[in-house]
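Secondary and tertiary structure notes
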Amino acid sequence: MNRQMRRVQIQQVLRDWFAENARDLPWRRARDSYAIWVSEIMLQQTRVPTTIPYYERFLRRFPTVQHLARARLDTVLKWWEGLGYYSRARNLHRAAQEIVLRFNGQIPETKDDLLTLPGIGRYTAGAIASIAFGRREPLVDGNVERVLCRVFRIQGNPKDASTRKKLWAIAEELLPRSHVGQFNQALMELGSEVCMPRNPRCEECPLKQLCEAKRHGEQDRLPTRTVRKPPPSHVVVVGVIYRNGRILIDKRKPKGLLGGLWEFPGGKVRPGESLEAALHREVREELDIAIEVGREISVVDHSYAHFRVRIHAFECKHLSGEPRCIACADLKWVRPGELGRHAFPAANKKIIDILRPCCRGRPRPKDTKHE
Ligand code: SF4
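Just so it is clear, the model here is predicted, and its values are computed rather than measured. (Residues numbered from 1 in each chain as written. Predicted model: local features only at pLDDT ≥ 70, side-chain atom pairs only at ≥ 80, totals over all residues. Heavy atoms only, no water.)

**A few points about the site of the ligand**
- Around the ligand sit Arg 150, Val 151, Cys 195, Pro 200, Cys 202, Cys 205, Lys 208, Cys 211, Lys 214 and Gln 219, and those are all the residues in its vicinity.
- In terms of residue class, the shell around the ligand is made up of six nonpolar, one polar and three charged. (Near = heavy atom within 4 Å. Nonpolar A, V, L, I, M, F, W, Y, C, P; charged D, E, K, R; others polar.)

This is the structure we're talking about:
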């Protein structure tokens, strides 16, 4: 079969398969480019089932790009809380403001204009342009990458620039003349639901007659994967510092990991340092105050994309010094019941959950049993 015939067959087979098998996802019912954009940003690093409730809540709270642009970043982060990768929320917020200012409140239609917005890379620009506006733009995400590597039996590692270039070229060549958004979604859906990373369901696959990896029995070997080193682990210590029934929280600087989120003061334990000594040092360096370190409230393990942390949380008493923001963007003393109004990273939320009985007026942490 020549290249052109194969391309047409892939298009037809995928179109029919998607018409029958597409999952009913809320953003697929959306006709609104703003909703499609929000869903694409949320889906960048989050699985579909986790995304759905966040997407629905977020759109109820910020129904238009104007609502999002007008909102305070703190509010946006609060509604993003738990989804992780918070730079997505910060970029979404900044991009909404730019859309209002530079594009008269209309989501831009072209890939080139979309690429000028914060948080929008080549994949997301292709997704919005094709799905929301029907533009003839390809996209390659992890699912598409896997399908294409298998169907076309591409041996190179998709993380390498030359293989990526090849995959984008194939994705572009495969595009039909119309219903491009449907076609792109079909490719992604196939990767997500049939051509999975492990144990692809080849017997149910609409492309099984056209797939080179299947023909050569290489579907489990492709795409070529990078062997990853285990991520580094850090030990972190934080203080739940009380003064007159209130707890001290501080806000991370706006840029970088977890930027703009609130947290309990603390930081990394240095080699050879005790947990208590590290907490005294961190609190002094961060806020210039002295504390009394009490009992350990909890130990929380959490994984980020590139490292893991074990967080030891201690109940502490403020002793002296008025806290100053030396290594943070803001700070405040809050009542335990007010913690929930602030956006915290997931690991800190686990500590708040442990504190929660006291937040509802029940015994303070020292009287409760943990872990
Ligand atoms: S036949 Fe198997 S390997 Fe090929 S695209 Fe389908 S599921 Fe993937």
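**A few points about helix H11 (residues 161-174)**
- Compared with the 20 Å implied by 1.5 Å per residue over 14 residues, the 20 Å span of H11 between its first and last C-alpha is a close match.
- Residues Thr 163, Leu 167, Trp 168, Ile 170, Ala 171 and Leu 174 constitute the buried set of H11. Buried positions in H11, seen along its axis, are confined to an arc of 160 degrees and lie on one side of it. For H11, the exposed residues lying more than 90 degrees away from the buried face are Ala 161, Ser 162 and Lys 165.
- Packed against the buried residues of H11 are helix H1 (3-21), helix H9 (122-133), helix H10 (142-151) and helix H12 (180-193). (Helix = DSSP H or I, 4+ residues; strand = E, 2+ residues; numbered from the N terminus. Expected span 1.5 Å × (residues − 1). Buried < 20%, exposed > 50% of the residue type's maximum accessible area, 1.4 Å probe, protein only. Arc of directions from axis to C-beta. Contact = heavy atoms within 4.5 Å.)

**Observations regarding the domain arrangement of the chain**
- For the chain, the domain assignment lists domain 1 (3-215) and domain 2 (233-367).
- Once you take the C-alpha centre of each, domain 1 and domain 2 turn out to be 37 Å apart.
- Each side of the interface is counted separately: domain 1 has seven residues, and domain 2 has 18 residues.
- Taken over both partners, the interface formed by domain 1 and domain 2 buries close to 870 Å², and the fraction arising from carbon and sulfur atoms is 49%.
- For the domain 1 face of the interface with domain 2, the top three residues by lost area are Glu 81, Tyr 86 and Arg 90, together amounting to 50%.
- Taken together, domain 1 and domain 2 are joined by two salt bridges.
- When the shortest N-O distance is used, the salt bridge between Lys 251 and Asp 74 registers 3.0 Å.
- At the junction of domain 1 and domain 2, the tally comes to eight residue pairs in polar contact (both at pLDDT 80 or more).
- Among the elements that take part in the side of domain 1 that touches domain 2, helix H6 (residues 73-80) stands out by supplying three residues, more than any other.
- Looking at the side of domain 1 that touches domain 2, its residues break down into three nonpolar, no polar and four charged. (Domains from an automatic or database assignment. Buried area = accessible area lost by both parts, 1.4 Å probe. Salt bridge = Lys/Arg side-chain N within 4 Å of Asp/Glu carboxyl O. Polar contact = N/O pair within 3.5 Å; in protein donor to acceptor, adjacent residues only side chain to side chain.)

**Some points on the side chain of Asn 157**
- Note that Asn 157 resides in the loop between H10 and H11.
- A polar contact is formed between the side chain of Asn 157 and the backbone nitrogen of Lys 159, at a distance of 2.9 Å.
- When residues no more than four places from it in sequence are discounted, the contact partners of Asn 157 are Thr 163, Thr 224, Arg 225 and Thr 226.

**Details of the pairing of strand E5 (residues 290-303)**
- Where E5 lies against strand E6 (residues 308-320), 11 bridges are found, and the strand directions are antiparallel. Bridge pairing links Glu 292 to Lys 317 in E6.
- The turn linking E5 back onto E6 is made up of four residues. (Pairing = 2+ DSSP bridges.)

**Remarks on H9**
- Look at H9: 16 Å from first C-alpha to last across 12 residues, which is about the 16 Å you get at 1.5 Å a residue.
- Counted residue by residue, H9 has nine buried out of 12 residues, so it is predominantly covered.
- Buried residues in H9 make contact with helix H3 (33-43), helix H8 (111-114), H11 and H12.
- Gly 134 occupies a position one or two residues after H9 and carries a positive phi of about 70 degrees.

**Overview of the environment of Pro 49**
- By the element assignment, Pro 49 lies in helix H4 (residues 48-61).
- Taking C-alpha positions, Pro 49 is 9.5 Å from Leu 25, a pair spaced 24 residues apart along the chain.

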